[in-house]
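The chain contents come next:
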Amino acid sequence: GTYTEKQNQTQHKCLLAIVICLHYGQNMKNTKSRKQLNEWLKDGGRKVSWLASAIPVNRSHLHQWLNGNHTPREVYRHRIAEITGGAVHVSGWDE
């Protein structure tokens, strides 16, 4: 390929990387309850698999909540608050 073709390919890869970063950055929910749940798990030495079974919810869904990619539906928010003894607030998922 010519220099111009290689330059265009490089620019295309850079633009793609930027679009991916913007997409995932906008979808990340850095909420109070997400932080509380991560801390609750870590501080108690609890496993994600245990919590997923206790809720009950698919482990991949729980990972999505913990990573901030998605927020749990209302029914799961209440269940998480119940399991954590109120350490993770129901309303904190929207903050």
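All of these numbers come straight from a predicted model, not from anything done at the bench.

What follows concerns the overall build of the protein chain. On a plain count of helices and strands, the protein chain comes out with five helices and zero strands. Written out in order from the N terminus, the α and β elements of the protein chain read α-α-α-α-α. In the protein chain, which comprises 95 residues, the share counted as buried stands at 25%. Contacts spanning at least 24 positions in sequence make up 53% of the contacts within the protein chain whose residues lie at least 6 apart. Surface exposure of the protein chain reaches about 6700 Å², of which carbon and sulfur atoms provide 54%.

Tallied over the entire structure, the rule returns two salt bridges. One salt bridge in this structure joins D94 and R77, with 3.1 Å as the shortest N-O distance. One end of the pair, D94, is in the segment after helix 5 (74-83); the other, R77, is in helix 5, and 17 residues separate them in sequence. The class for R77 is buried, based on a relative accessible area of 8%. The salt bridge partner of E82 is R79, with a shortest N-O separation of 2.9 Å. Of this pair, E82 and R79 both sit in helix 5, three residues apart, roughly one helical turn. With a relative accessible area of 56%, E82 lands in the exposed category. Using a relative accessible area of 26% as the deciding quantity, one classes R79 as partly exposed.

To continue, consider the confidence of the model for the protein chain. When pLDDT drops low, the exact placement of atoms in the prediction is not to be read closely. Summary statistics for the protein chain give a mean pLDDT of 85 and a share of 80% for residues scoring 70 or more. The spread of mean pLDDT over the elements of the protein chain runs between helix 1 (residues 3-27), the lowest at 64, and helix 3 (residues 48-54), the highest at 97.

Another point: unusual backbone geometry. A cis amide bond, omega -15°, links I55 with the succeeding residue P56. Mapping P56 onto the fold places it in the loop between helix 3 and helix 4 (59-67).

This paragraph deals with the packing of helix 2 (residues 32-43) against helix 4. Running from N to C, helix 2 and helix 4 cross one another at 115°; their axes reach a closest spacing of 8 Å. For the pair helix 2 and helix 4, the contacting residues are R34, L37, N38 and L41 in the first and L62, W65, L66 and N67 in the second. Counted by class, the contact of helix 2 with helix 4 contains five nonpolar, two polar and one charged residues.

Cut-offs applied
Residues numbered from 1 in each chain as written. Predicted model: local features only at pLDDT ≥ 70, side-chain atom pairs only at ≥ 80, totals over all residues. Heavy atoms only, no water. Helix = DSSP H or I, 4+ residues; strand = E, 2+ residues; numbered from the N terminus. Buried < 20%, exposed > 50% of the residue type's maximum accessible area, 1.4 Å probe, protein only. Contact = heavy atoms within 4.5 Å. Areas by Shrake-Rupley, 256 points an atom, 1.4 Å probe, with all protein chains shown as cover. Salt bridge = Lys/Arg side-chain N within 4 Å of Asp/Glu carboxyl O. pLDDT = per-residue confidence, 0-100. Axes fitted to C-alpha atoms, helices over the stretch in contact; angles between N-to-C directions. Nonpolar A, V, L, I, M, F, W, Y, C, P; charged D, E, K, R; others polar.

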